[in-house]
Amino acid sequence: MRLDIITIFPDYFAPLGVSLLGKARQRGDVDVHVHDLRGWAHDRHRTVDDTPYGGGPGMVMKPEPWGEALDAIAPSGSTPRLVVPTPSGRPFTQETAVAYAGEPWLVFACGRYEGIDARVIEDARSRMPVDEVSIGDYVLAGGESAVLVIVEAVTRLLPGVLGNADSVSDDSFAPGRMAALLEGPVYTKPPTWRGREVPPVLMSGNHGAIARWRRDQALRRTAATRPDLIARNTLDDADRSTLAD
Ligand code: ADE
């Protein structure tokens, strides 16, 4: 998978060199290119923003550097998916992450200030698929931290990037029987710590009982912290009796 990131803060992306993604890059499984937008600004101060038409606070990113950057990174005939993080976008979910993990090439455009001149997105849409996505109902200072979140959520799904493929299928929000349930508590050794015991069922060796216990924990946690998610699950009688307790 190839990832291009366009930003006025290339240093922001140093974390992409560490941990599992850093190793995947070293192996050549993920090819990441970070570009400084100011390289396509030609005045003495390498200006990338200007005052908004119609007035109002803040600054808007100028279209010309963005147009040139996108032409250079995705020349005509090439069709990466352009991802533009913005609080006005569609919600980025695990489903989006799974879809992106199947794409060969993503280009991320990090906006700052009040956003990017809208014509940049319109123009790009005439040549490539474009998604404006939000990572949550809050406003960040720019798209950079959103891109770090999206890249991590997507690349950990790539074959070979996460050590253990099973840890992906058990995730909260992973497709399958645990879809839309939050993962319950997890434990490791020692069996007793500060007088607190690991739930005995987890040491029973009874895989059916363990699976039932985990599902009950997930159901209870979801009902307590994200009741909106319960309706997205197919519940059987055992599930309903757990929730009724
Ligand atoms: N840029 C600023 N806020 C954002 C958000 N919530 N999601 C994605 N990009 C953003």
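Each value, and the rule that gives it
Per chain, residues are indexed from 1 in the order of the written sequence. With the structure being a predicted model, the display of local features is reserved for residues of pLDDT at least 70 and the display and counting of side-chain atom pairs for 80 or more, all residues being used for whole-chain, interface and lining totals. UniProt positions are given in the numbering used here, feature names are shortened, and annotations may be inferred rather than shown by experiment. Placing the C-beta atom from the backbone, one calls a residue near a molecule or strand if that atom lies within 6 Å of it. Numbering of helices and strands runs from the N terminus; a helix is a DSSP stretch of H or I covering at least four residues, while a strand is a stretch of E covering at least two. Gly falls in the polar group here, along with every residue not listed as nonpolar (Ala, Val, Leu, Ile, Met, Phe, Trp, Tyr, Cys, Pro) or charged (Asp, Glu, Lys, Arg). Residue burial here comes from a neighbour count, namely the number of other C-beta atoms, placed from the backbone, that lie within 10 Å of the residue's own C-beta, with 20 or more meaning buried, 12 or fewer meaning exposed, and in between meaning partly exposed. Whether two residues are in contact is decided by their C-beta atoms, placed from the backbone, lying within 7 Å. The predictor's confidence in any single residue is recorded as pLDDT, a number from 0 to 100.

In the nomenclature of an unreviewed UniProt entry, the chain corresponds to tRNA (guanine-N(1)-)-methyltransferase from the organism Actinoallomurus iriomotensis. The Sequence similarities (unreviewed entry) comment attached to the chain in UniProt states, word for word, "Belongs to the RNA methyltransferase TrmD family."

### Quick look at the site of the ligand
Residues in contact with the ligand, as listed here, are Pro85, Thr86, Pro87, Ser134, Ile135, Gly136, Tyr138, Val139, Leu140, Gly143 and Ala146. Looking at the shell around the ligand element by element, the count peaks at three residues for strand S5 (residues 81–91). Across the shell around the ligand, the residue classes break down as seven nonpolar, four polar and no charged.

### Topic: the UniProt feature "binding site: S-adenosyl-L-methionine" (unreviewed entry) in the chain
Within this numbering scheme, the UniProt entry marks Gly111, Ile135, Gly136, Asp137, Tyr138, Val139 and Leu140 as carrying the feature "binding site: S-adenosyl-L-methionine" (unreviewed entry). Locating Gly136 in the fold gives a position in the loop between strand S7 (130–134) and helix H5 (144–155). On the secondary structure map, Tyr138 appears in the loop between S7 and H5.

### Looking at the environment of Leu202
Tracing the sequence through the fold places Leu202 in the loop between strand S9 (196–197) and helix H7 (207–225). The class of Leu202 is partly exposed, set by 16 C-beta atoms lying within 10 Å. Note: C-alpha distance between Leu202 and Thr51 (151 residues apart in sequence) is 60 Å. If we ignore the near neighbours within four places in the chain, the residues touching Leu202 are Tyr187 and Ile210.

### Considerations on the confidence of the model for the chain
Mean pLDDT for the chain: 94, with 94% of residues reaching 70 or above. Quick note on the complex model: pTM equals 0.93, ipTM equals 0.98.

### Observations concerning the environment of Ala141
Summarising the element assignment, Ala141 is placed in the loop between S7 and H5. Note on Ala141: 8 C-beta atoms within 10 Å, which makes it exposed. The spacing of Ala141 and Pro104 is 37 residues in sequence and 29 Å in space, taken between C-alpha atoms.

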